[in-house]
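# Reading the structure
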Amino acid sequence: MNRLAAEPSLYLRQHADNPVDWYPWGEEALARARAEDRPILLSIGYSACHWCHVMAHESFEDPATAAVMNEHFVCVKVDREERPDVDALYMQATLALTGSGGWPMTVFITPDGRPFYAGTYFPREPRGGMPGFGDLCAALAEAYRERPDEVQAQAERATTRLRAAAERGPREGIGDGGLDASLLDDAMLGLARQLDPLQGGFGGAPKFPPSLALEFLAVRAMRPGGDRHAAEMLDLTLARMSAGGIHDQLGGGFHRYTVDGQWLVPHFEKMLYDNALIGRAYALAHRATGQPDHIRVAKGCFDYLLREMRLPGGPFAAAQDADTEEGEGAFFVWTPQQLADLLPPDQARAIALRYGVTPEGNFEGNTTILRPVIRLADLSRQLGTDAMPLLEQARATMYAARSRRPRPARDDKVIAAWNGLAIAGLADAGRLLDRMDFVDAASAAAAFVLDVLVVDGRLHRTHMGGRTTGLGMLDDHAALAHGLLCLFAATHQARWLTEARTLAERILDLIDDGEGGFYYTGSDAEELLARTRDVEDHPTPSGNSLAASVLLRLADLTLEPAMQERALTALARVREDMARVPHAFGAALAAVDRVVAERRQVVVVGAPDDEGRASLATAAEGALGPHDVLVVGDPEDEATVAAVPLLAGRGTVDGRAAAYVCHDFACRAPVTTAEEVTAALSAEA
């Protein structure tokens with residue numbers, strides 16, 4: 001009996017027809033394991049995971065393998081996006097037991113939840129030094145029956161390590177100090193040493209977009225005077241990424257990672273969080289370095305999200321799959337014959353030359369993953385005409401034709417944290433690139449999450465199939481608050497600041513560990529084997545770092561120094577890690593950059609329909625650094641002034657809109673023209 005058909009998770013439903021007797025994670029499965037003294041086979045993955053599909057097809061759909069699993073284990077399926085707390089706990093166990101991790105993740109645990117064996121993908125038949133999965137299951141079941149002392153000892157060792165990691169206190173000798181310019185200098189040196197000088201990014205294959213490290217480089221490059229080395233690393237990496245197969249050259253957006261070091265051959269799934277973070281990085285990079293191509297790529301990311309990932313009501317789906325019925329990547333690749341059948345000869349030739357479409361191809365089956373291989377100027381010379389119109393017409397035709405191919409499945413799960421990142425990216429890109437449709441989309445997504453995923457005052461994590469499920473965790477609260485603060489900066493609507501402050505207060509009430517950091521789950525969450533922490537960036541920012549960043553920004557906006565103190569303590573806990581592995585702590589480093597920077601505040605007051613107010617705000621926006629604060633509001637609106645304390649006591653000048661330029665909250669005399677705002681900010685730089 002398979003119990004997954006009624007689950008809201010697409011990933012779980014994808015396994016509903018397996019011959020495996022799957023349970024979802026929950027008391028029913030755990031109770032059966034305890035009653036029968038039967039170990040649990042825990043399989044964790046997500047809907048867009050290519051190798052999860054491979055293992056499902058090879059093993060979970062195979063009746064013989066399923067029979068072994070059913071005979072010896074209580075089999076439990078977990079969607080890591082729905083239950084990241086379970087995933088984080090057993091990922092730590094997998095890393096402790098094997099030294100590496102990934103998905104699909106396969107963990108064998110005792111009835112009381114202690115892990116004794118773990119791995120990732122296992123083939124059905126022995127291959128490449130890996131055992132066949134059915135044979136492995138039989139051997140572990142025999143060990144559990146015949147050598148219980150060995151199994152229990154291994155489980156106890158793993159559990160001890162898990163609990164020790166979870167309860168790790170503040171680093172000795174760190175206290176709340178060490179968050180200074182020298183830390184940032186050390187981090188920059190570390191990133192420079194790890195930089196791939198040819199292809200950008202940090203390290204070799206497989207290559208993931210280093211979105212959080214790029215954000216840190218962008219804020220360094222945007223600070224007054226800039227940081228030339230940060231700008232160079234930023235531009236190199238973004239240019240190589242956008243010219244690679246990881247970038248969807250027709251539809252915009254980015255795939256999850258590439259298996260090589262040249263950004264060429266991706267795993268083709270597209271994740272909401274990646275495109276939110278990458279699009280925002282390109283928008284920030286354009287502000288930092290002025291490279292015009294960054295605008296095109298940023299807009300492409302967010303246009304893709306609005307076109308293909310937006311759900312009714314405004315939120316965003318979690319992911320698009322890597323696979324279709326025709327195989328991984330088939331939706332995205334091309335052959336010369338397909339171009340010839342679809343396009344006029346001059347367009348087909350232009351596309352083939354620009355994107356390297358050859359009979360040999362660069363991917364499976366002599367197909368080609370599109371990537372620019374010749375500069376536009378050189379292509380125009382070779383064609384004897386302006387190549388751009390030919391390419392634009394051809395790409396539009398190709399995109400329409402591609403849309404008629406069997407499409408990768410979309411996981412319509414709404415995840416609070418990932419929508420928070422999308423809200424942040426859309427709001428910042430809209431503000432920086434003058435795309436109010438992006439800001440409007442961010443507002444709609446924020447309204448949906450706050451209206452649907454907040455139940456009885458408690459943020460929940462997911463909304464699937466009309467059901468809101470799972471208590472929100474640290475990253476849900478922090479990422480949503482981050483998005484709302486970016487939305488407040490783009491719209492100056494007090495609601496978003498108020499809601500962000502409420503989420504931050506919930507972090508301090510529910511998730512604070514009492515020692516200067518944060519647990520991943522709330523105090524009201526299901527009690528697992530250990531309560532984990534989230535300190536390193538993965539593809540998404542660390543919850544600890546993002547919470548600290550939110551608290552710092554709120555301290556500047558609400559004039560509450562206690563929030564800044566809490567943020568400093570949380571950052572100090574990972575100070576050594578930031579210096580040692582900066583590429584894994586980009587979000588924390590960007591927060592420390594805010595701590596170190598001399599921050600300015602600009603308060604613009606006037607009636608909402610006052611053109612002078614809009615002119616002053618535009619002038620201020622164009623001159624602000626990455627950590628400066630701009631607040632715009634009506635000083636006669638008591639509710640807004642109560643929500644935004646920086647507005648208090650600052651009025652118009654003889655009925656005219658006015659701007660107050662402040663440094664460390666000490667303000668100059670108000671000014672009333674855009675030229676005066678620009679001059680005042682230049683003097684304060």
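It should be noted that the structure appears before, not after, this text.
Residues numbered from 1 in each chain as written. Predicted model: local features only at pLDDT ≥ 70, side-chain atom pairs only at ≥ 80, totals over all residues. Heavy atoms only, no water.

## Description of the packing of aromatic side chains
Counting across every chain of the model gives 16 aromatic pairs. Both rings, one in Phe60 and one in Phe133, keep their centres 6.2 Å apart while their planes meet at 75°; by these two values the pair is edge-to-face. Taken together, the residues span a long stretch of sequence, with Phe60 in helix 3 (residues 50–60) and Phe133 in helix 6 (residues 133–146) at a distance of 73 residues. There is no split in this pair, since Phe60 and Phe133 are both buried. Where Phe268 meets Phe363, the ring centres are 5.4 Å apart and the plane angle is 70°; that geometry is what we call edge-to-face. Taken together, the positions of Phe268 in the loop between strand 7 (266–267) and strand 8 (270–271) and Phe363 in the loop between helix 14 (345–355) and helix 15 (376–383) put the pair 95 residues apart, joining distant regions of the chain. According to the relative accessible area criterion, Phe363 is buried, its value standing at 15%. Of the aromatic side chains, those joined through ring pairs into one cluster are Trp22, Phe60, Phe122 and Phe133. (Phe/Tyr/Trp six-rings, centres within 6.5 Å; stacked < 30°, edge-to-face > 60°. Helix = DSSP H or I, 4+ residues; strand = E, 2+ residues; numbered from the N terminus. Buried < 20%, exposed > 50% of the residue type's maximum accessible area, 1.4 Å probe, protein only.)

## Some thoughts on the layout of surface pockets
Estimated volume of the second largest pocket: approximately 790 Å³. Lining the second largest pocket are 32 residues, with His247, Gln249, Asp293, Arg296 and Arg354 sitting closest to its centre. Breaking the lining of the second largest pocket down by element, the ones donating at least two residues are helix 10 (228–242), helix 12 (292–309), helix 14, helix 15 and helix 16 (387–403). Residue contributions to the lining of the second largest pocket peak at eight residues, all from helix 12. Considering only residue class, the lining of the second largest pocket consists of 13 nonpolar, eight polar and eleven charged. (1 Å grid on protein atoms, 1.4 Å probe; cavity = no way out; pocket = protein on both sides within 12 Å on 5 of 7 lines; lining within 4 Å. Points joined across faces, edges and corners; volume = space filled by probe spheres on them. Nonpolar A, V, L, I, M, F, W, Y, C, P; charged D, E, K, R; others polar.)

## Notes on the side chain of Asn18
Within the secondary structure, Asn18 is located in the loop between helix 1 (10–13) and strand 1 (22–24). Engagement of the side chain of Asn18 in a polar contact is seen with the side chain of Trp22, the distance being 3.0 Å. When sequence neighbours within four positions are dropped, the list of residues in contact with Asn18 reads Asn2, Phe60 and Glu61. (Polar contact = N/O pair within 3.5 Å; in protein donor to acceptor, adjacent residues only side chain to side chain. Contact = heavy atoms within 4.5 Å.)

## Describing the state of the cysteines
Enumeration according to the criterion identifies two disulfides in this entry. Disulfide pairing is shown between Cys49 and Cys52; the S-S distance is 2.4 Å. Judged by the torsion about the S-S bond (80°), the Cys49/Cys52 disulfide is right-handed. Across this residue pair, the class does not change: Cys49 and Cys52 are buried. Through a disulfide, Cys662 is tied to Cys667; the S-S separation comes to 1.9 Å. (Disulfide = S-S within 2.5 Å.)

## Quick word on the pairing of strand 5 (residues 115–119)
Of all the five residues making up strand 5, four are buried; the element is thus mostly covered by neighbouring parts of the structure. Note that strand 4 (residues 105–109) and strand 5 share four bridges and pair antiparallel. Across the sheet, Thr106 pairs through a bridge with Gly119, a residue of strand 5. Where strand 4 hands over to strand 5, the hairpin turn is made up of five residues, of which Gly113 adopts a positive phi near 95°. (Pairing = 2+ DSSP bridges.)

## A closer look at the sheet that holds strand 12 (residues 410–411)
As summarised here, the arrangement of the three strands in space is 8-9-12, forming an open sheet in which the pairing is antiparallel. A strand with exactly one partner marks an edge of an open sheet, and here the two such strands are strand 8 and strand 12. Pairing of strand 9 (residues 319–320) with strand 12 involves two bridges; the strand directions are antiparallel. Its bridge partner being in strand 12, Ala319 is matched across the sheet by Asp411.

## Regarding the pattern of salt bridges
Using the criterion set out here, one finds 52 salt bridges in the structure. Residue Arg83 is joined to Asp85 by a salt bridge in which the shortest nitrogen-to-oxygen separation is 2.9 Å. Take Arg83 and Asp85: they sit in the same class, and that class is buried. The salt bridge involving Glu269 is made with Arg256; its shortest N-O contact spans 3.9 Å. Within this pair, whereas Glu269 is found in the loop between strand 7 and strand 8, its partner Arg256 is found in the loop between helix 10 and strand 6 (257–258), the two being separated by 13 residues in sequence. Pair check on accessibility: Glu269 and Arg256 agree, each one buried. Where salt bridges share partners, they join Arg3, Asp21, Glu28, Arg32, Glu36 and Arg38 into one cluster. (Salt bridge = Lys/Arg side-chain N within 4 Å of Asp/Glu carboxyl O.)

## Brief notes about the environment of His482
Here His482 shows up in helix 19 (residues 474–491). Classification of His482 by relative accessible area gives buried; the value is 6%. Considering only alpha carbons, one finds His482 and Leu503, 21 residues apart in sequence, at a separation of 9.7 Å. Those residues within four positions of His482 in sequence are excluded, and the remaining contacts are Arg280, Leu421, Ala424, Leu546, Val550 and Arg553.

## Digging into the sheet that holds strand 20 (residues 666–667)
Strand order in this open sheet of four strands is 18-17-19-20, and the pairing throughout is mixed. Unpaired on one side and paired on the other, strand 18 (629–633) and strand 20 mark the two borders of the sheet. Pairing geometry for strand 17 (residues 600–605) and strand 18, over five bridges, is parallel. In the strand pairing of strand 18, Val603 is matched with Val631.

## A closer look at the packing of helix 19 against helix 20 (residues 494–511)
The geometry of a pair of packed helices is captured by two quantities: the angle between their axes and the separation between those axes. One way to put it is that helix 19 packs onto helix 20 with a least axis distance of 8 Å and a crossing angle of 160°. Put simply, helix 19 runs roughly antiparallel to helix 20. As for the relative orientation of helix 19 and helix 20, their crossing is left-handed in sense. On helix 20, the residues that touch Leu474, His477, Ala478, Leu480, Ala481, Leu484, Leu485, Leu487, Phe488 and Thr491 of helix 19 are Ala494, Trp496, Leu497, Glu499, Ala500, Leu503, Arg506, Ile507 and Ile511. Residues of the contact of helix 19 with helix 20, tallied by class, amount to 15 nonpolar, two polar and two charged. (Axes fitted to C-alpha atoms, helices over the stretch in contact; angles between N-to-C directions. Parallel < 35°, antiparallel > 145°, perpendicular 65-115°, else oblique. Left-handed = near helix turned anticlockwise from the far one by under 90°.)

## Quick notes on empty space enclosed by the protein
Applying the stated criterion to the full structure yields six cavities of 30 Å³ or more. Its boundaries defined by the atoms lining it, the largest cavity holds a volume of some 710 Å³. Taken together, 37 residues line the largest cavity, and the ones lying closest to its centre are Arg280, Arg431, Arg553, Arg594 and Pro626. Going through the elements one at a time, helix 9 (211–222), helix 11 (272–289), helix 17 (416–433), helix 19, helix 21 (543–558), helix 24 (586–596) and strand 18 are the ones with two or more residues in the lining of the largest cavity. Considering every element that reaches the lining of the largest cavity, the biggest residue donor is helix 17, with six residues. In terms of residue class, the lining of the largest cavity is made up of 22 nonpolar, six polar and nine charged. Here the second largest cavity defines a volume of roughly 80 Å³. Lining the second largest cavity, in full, are Gly245, His247, Asp248, Gln249, Leu250, His255, Phe268, Phe332, Trp334, Ile369, Leu370 and Arg402.

## Some thoughts on the pairing of strand 15 (residues 458–464)
Taken across its seven residues, strand 15 has seven buried, putting it largely inside the fold. Pairing of strand 13 (residues 414–415) with strand 15, which is carried by two bridges, proceeds in the antiparallel orientation. The residue of strand 15 that forms the bridge with Val414 is His463. Judged from the two bridges that link them, strand 14 (residues 454–455) and strand 15 form a sheet pairing that is antiparallel. In the sheet register, Val455 faces strand 15, and the bridge partner there is Arg458.

Note that every value here comes from positions in space, so none of it alone points to a role or purpose.
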